[in-house]
Amino acid sequence: MDSYEKSLQTLELPAVLALLAAQAVSETARTQAMALRPSGDRAVVATRLGETSAAASMMVVKGSPSFSGVKDVRAALQRADMGGALNTRELLDIAGVLQAARCVRSYGTGERQDKTSIDYLFSALQANRFLEEKIFTSITGEDETADSASSELASIRRLIRAASARVHDALQKIISSPSYAKALQEPIITMRSERDVVPVKAEHKGAVPGLVHDVSASGATLFIEPMAAVKANNELRELEIREQKEIEMVLAALSMELVPYVETILINLKLLTKLDFIFARAALARHYNCSMPKFNK
């Protein structure tokens, strides 16, 4: 550690920066806060103080802007730019940055009389509501793609529901039929090896023709997939494979749509991080009832 850094440690600057970082919302702004160092340049100091003061004044009038959607999406954007397909979490994070850019811009460019030194940061944010909403409507949650993401996906899922109903109906007929009551260990439908099965007593295994997928530890129960359900179950598995492939195509297509806007989203991320950092300074100043110092030469 050099003498400069040692002096900062002695002055307990890291402790102050930890308090500052705690006021930031995004990880990118917290990193920026912890990296802050004093400046001996009068213009730099004046600029920083002006930013903090402007944010503090805005907070008094309209509260803080929301930076909750600001995530570090740089690696994901770089991969998309190189032709890679992003996963649902990465796409949702990117849509979150777009949403934050739109909302924070609206916060900062709304009607007000006073002009501030940070207005240019709000004005430089670029919304893309079409792309933002397309991602949010196509992906309804992590690892959850909406039926409406593509017509093919909606069609496959209709077929899946129909095949699933056929499997359930075939098994329901068996467990509710008096002729099978003696053969069943319990009148229930359960799962083994990702297949719907019924528990059959070992001594009555011939009463329920089908595929044996598992045996209980005692050997007294066989978990059988009745032949009546095998065909529908096979169709169901094939449809689920088709569904997964279609989801991959949807995610790849959304990733491709991002490519023309990669630079814009990166700029938005940089601006949002800077604003989050500035408002963190203002929040800390308000928390400790600080006032802006005056400097002479």
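Worth saying up front: this structure is predicted, and the values here are computed from it rather than measured.

## Notes on the packing of helix α5 (residues 74-81) against helix α11 (residues 262-287)
At step 1: In the contact formed by α5 and α11, the axes pass within 10 Å of each other and the chain directions differ by 170°. Comparing their axes, α11 and α5 come out roughly antiparallel. The segment α5 lies against α11, with Arg74, Leu77 and Asp81 engaging Val262, Ile265, Leu266 and Leu269.
At step 2: Taken together, the residues that form the contact of α5 with α11 break down as 5 nonpolar, no polar and 2 charged.

## Thoughts on unusual backbone geometry
At step 1: In this model, glutamate 12 sits at a positive phi of 65°, which is unusual for a non-glycine residue.
At step 2: Locating glutamate 12 in the fold gives a position in the loop between α1 (3-10) and α2 (13-23).
At step 3: Positioned with a positive phi, aspartate 143 is a non-glycine residue whose angle comes to about 65°.
At step 4: Looking at the secondary structure, you find aspartate 143 in the loop between β1 (139-141) and β2 (144-145).

## Describing the packing of α2 against helix α3 (residues 27-34)
At step 1: Direction vectors running N to C along α2 and α3 enclose 160°, while the axes themselves pass 8 Å from each other. Taken together, α2 and α3 sit at an angle that is classed as roughly antiparallel. Of the two possible hands of crossing, α2 and α3 adopt the one that is right-handed. Every residue of α3 that contacts α2 at Pro14, Leu17, Ala18, Leu20 and Ala21 is listed here: Arg30, Ala33 and Met34.
At step 2: For the contact of α2 with α3, the residue count by class is 7 nonpolar, no polar and 1 charged.

Basis of the calculations
Residues numbered from 1 in each chain as written. Predicted model: local features only at pLDDT ≥ 70, side-chain atom pairs only at ≥ 80, totals over all residues. Heavy atoms only, no water. Axes fitted to C-alpha atoms, helices over the stretch in contact; angles between N-to-C directions. Helix = DSSP H or I, 4+ residues; strand = E, 2+ residues; numbered from the N terminus. Parallel < 35°, antiparallel > 145°, perpendicular 65-115°, else oblique. Contact = heavy atoms within 4.5 Å. Nonpolar A, V, L, I, M, F, W, Y, C, P; charged D, E, K, R; others polar. Left-handed = near helix turned anticlockwise from the far one by under 90°.

What is shown is where atoms sit, not what they do.
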